[in-house]
Amino acid sequence: NTAEDMKKNASEKAQNILQEAENKARDKSQEFTHLQTEIDAYKTKIKSFPSAKGKIEIPITVKEIALFAFSCCEELEEIYISKNVEKIESEIFFRCKNLKKILVDENNQFYSSSENNEILYNKEKSILISFPSVSGKIELENGITIINSYALNNCDLEEIIIPEVVKVIGSGAFDGCEKLEKIT
């Protein structure tokens with residue numbers, strides 16, 4: 001019976017630690033709004049966040065963000081990705097036409113954002129994961145070798161210069177870019 005009590009106490013302590021971490025993440029910044037979402041039982045994977053709008057912060061307990069997690073969140077404007085996120089599946093910001101800022105914690109070992117916080121990259125900045133708010137004419141950085149699927153979808157891009165080192169352009173990378181006239 002004492003082994004079972006020890007197991008119960010350990011489980012309660014783990015739950016308290018998770019709750020404390022969530023509370024700290026929530027308190028970290030007053031500018032972000034926390035909304036209800038579908039997270040797995042261990043609070044480590046965001047599966048779906050259909051109500052995301054305004055500014056949100058990914059809780060520090062989250063390690064993974066699923067495919068299409070923020071799909072069609074037309075009112076999402078800014079997102080902060082914590083240092084603990086290890087895996088972001090592609091197309092997470094599919095049709096998020098008002099997303100202007102993607103901020104990645106500088107201590108995140110897997111992902112980074114551009115200096116102006118508009119682009120989501122892998123840490124090495126060789127994979128362009130998402131660039132939802134792009135408009136007009138842009139020239140991608142020379143280190144990019146992969147443009148993820150739907151990375152630039154539904155933007156007001158008119159012209160893009162893609163470096164010769166790009167080896168892969170994912171399906172639908174320019175989906176819904178109705179103003180796009182020139183790719184070089």
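Placed above this text is the structure.
Predicted model, so just to flag it, every value in this text is computed and none were measured.

A few points about a negative patch on the surface
Item 1. A grouping of Asp156, Glu158, Glu178 and Glu181 is seen on the molecular surface, where their side chains present a negatively charged patch.
Item 2. Within the element layout of this structure, Glu158 appears in strand β13 (residues 156–161).

A few points about the sheet that holds strand β15 (residues 182–183)
Sheets are built from strands that pair by backbone hydrogen bonding, the pairs being arranged parallel or antiparallel.
Item 1. With respect to topology, three strands assemble into an open sheet ordered β11-β13-β15, the strand pairing being parallel. Only two strands of the sheet have a single partner each, and these edge strands are β11 (135–139) and β15.
Item 2. In this structure, β11 lies alongside β13, joined through five bridges in parallel fashion. Looking at the pairing, Glu139 lines up with Ile161 of β13.

Some words on the pairing of strand β7 (residues 101–104)
Item 1. Side chains Ile102 and Val104 project from β7 onto a buried face, and the interleaved Lys101 and Leu103 project onto a face without burial.
Item 2. Alignment of strand β5 (residues 76–81) against β7, held across four bridges, turns out to be parallel. Paired with Glu78 across the strands is Lys101, a residue of β7.

Brief notes about the packing of aromatic side chains
Item 1. In total, this model carries two aromatic pairs according to the counting rule given.
Item 2. Aromatic pair Phe94 and Tyr150: ring centres 4.9 Å apart, planes at 90°, arrangement edge-to-face. Of this pair, Phe94 sits in the loop between β6 (87–88) and β7 while Tyr150 is found in the loop between β12 (146–147) and β13, placing the two residues 56 residues apart along the sequence.
Item 3. Of the residues examined, Phe94 reaches a relative accessible area of 11% and is grouped as buried.

Regarding unusual backbone geometry
Glycine aside, the phi torsion of most residues is negative, and most peptide linkages are trans.
Item 1. In this model, Lys125 sits at a positive phi of 60°, which is unusual for a non-glycine residue.
Item 2. Here Lys125 shows up in the loop between β9 (120–122) and β10 (127–130).

Examining empty space enclosed by the protein
Left-over empty space is what a probe sized like a water molecule reveals as it rolls over the atoms.
Item 1. Considering all chains together, one arrives at one cavity of 30 Å³ or more under this definition.
Item 2. Considering only enclosed or pocket space, the largest cavity measures out at about 30 Å³ in volume.
Item 3. Around the largest cavity, the lining residues are Ser90, Glu91, Ile92, Phe93, Phe94, Ile129, Ser130, Ser149 and Tyr150.
Item 4. When grouped by side-chain class, the residues that make up the lining of the largest cavity number five nonpolar, three polar and one charged.

Quick look at the side chain of Asn108
Item 1. Within the secondary structure, Asn108 is located in the loop between β7 and β8 (111–113).
Item 2. Of note is the side chain of Asn108, whose polar atom sits 2.7 Å from the backbone nitrogen of Phe110.
Item 3. Those residues in contact with Asn108 that sit more than four places away from it in its chain are Ile81, Ser82, Lys83, Asn84, Val85 and Lys123.

A short note on the pairing of β5
Residues in a regular strand point their side chains to alternate faces of the sheet.
Item 1. Of all six residues in β5, five are buried, a share of seventy percent or more.
Item 2. As paired strands, strand β3 (residues 54–57) and β5 are joined by four bridges and run parallel to one another. The residue of β5 that forms the bridge with Gly54 is Leu76.

A word on the nonpolar core
Item 1. Counting 24 residues, the largest nonpolar core has Ile58, Ile65, Phe70, Phe93 and Leu120 as the members making the most contacts within it.
Item 2. Those elements that place two or more of their residues in this core are β5 and β7.
Item 3. Here this core gets three residues from one element, more than from any other, and that element is β5.
Item 4. When residues no more than four places from it in sequence are discounted, the contact partners of Ile65 are Ile46, Ile58, Phe70, Val85, Lys87, Ile88, Glu89 and Ile92.
Item 5. Counting residues in hydrophobic clusters, the runner-up holds 20 residues, among them Val134, Ile138, Ile147 and Val166.

What counts as what
Residues numbered from 1 in each chain as written. Predicted model: local features only at pLDDT ≥ 70, side-chain atom pairs only at ≥ 80, totals over all residues. Heavy atoms only, no water. Patch = residues over 30% accessible without salt bridge, like charges linked within 9 Å, V, L, I, M, F, W, Y side chains within 5 Å. Areas by Shrake-Rupley, 256 points an atom, 1.4 Å probe, with all protein chains shown as cover. Salt bridge = Lys/Arg side-chain N within 4 Å of Asp/Glu carboxyl O. Lys, Arg positive; Asp, Glu negative; His and termini not counted. Charge placed at Lys NZ, Arg CZ, Asp CG, Glu CD. Helix = DSSP H or I, 4+ residues; strand = E, 2+ residues; numbered from the N terminus. Pairing = 2+ DSSP bridges. Buried < 20%, exposed > 50% of the residue type's maximum accessible area, 1.4 Å probe, protein only. Phe/Tyr/Trp six-rings, centres within 6.5 Å; stacked < 30°, edge-to-face > 60°. 1 Å grid on protein atoms, 1.4 Å probe; cavity = no way out; pocket = protein on both sides within 12 Å on 5 of 7 lines; lining within 4 Å. Points joined across faces, edges and corners; volume = space filled by probe spheres on them. Nonpolar A, V, L, I, M, F, W, Y, C, P; charged D, E, K, R; others polar. Polar contact = N/O pair within 3.5 Å; in protein donor to acceptor, adjacent residues only side chain to side chain. Contact = heavy atoms within 4.5 Å. Core = buried A, V, L, I, M, F, W, Y, C linked by side-chain atoms within 4.5 Å.

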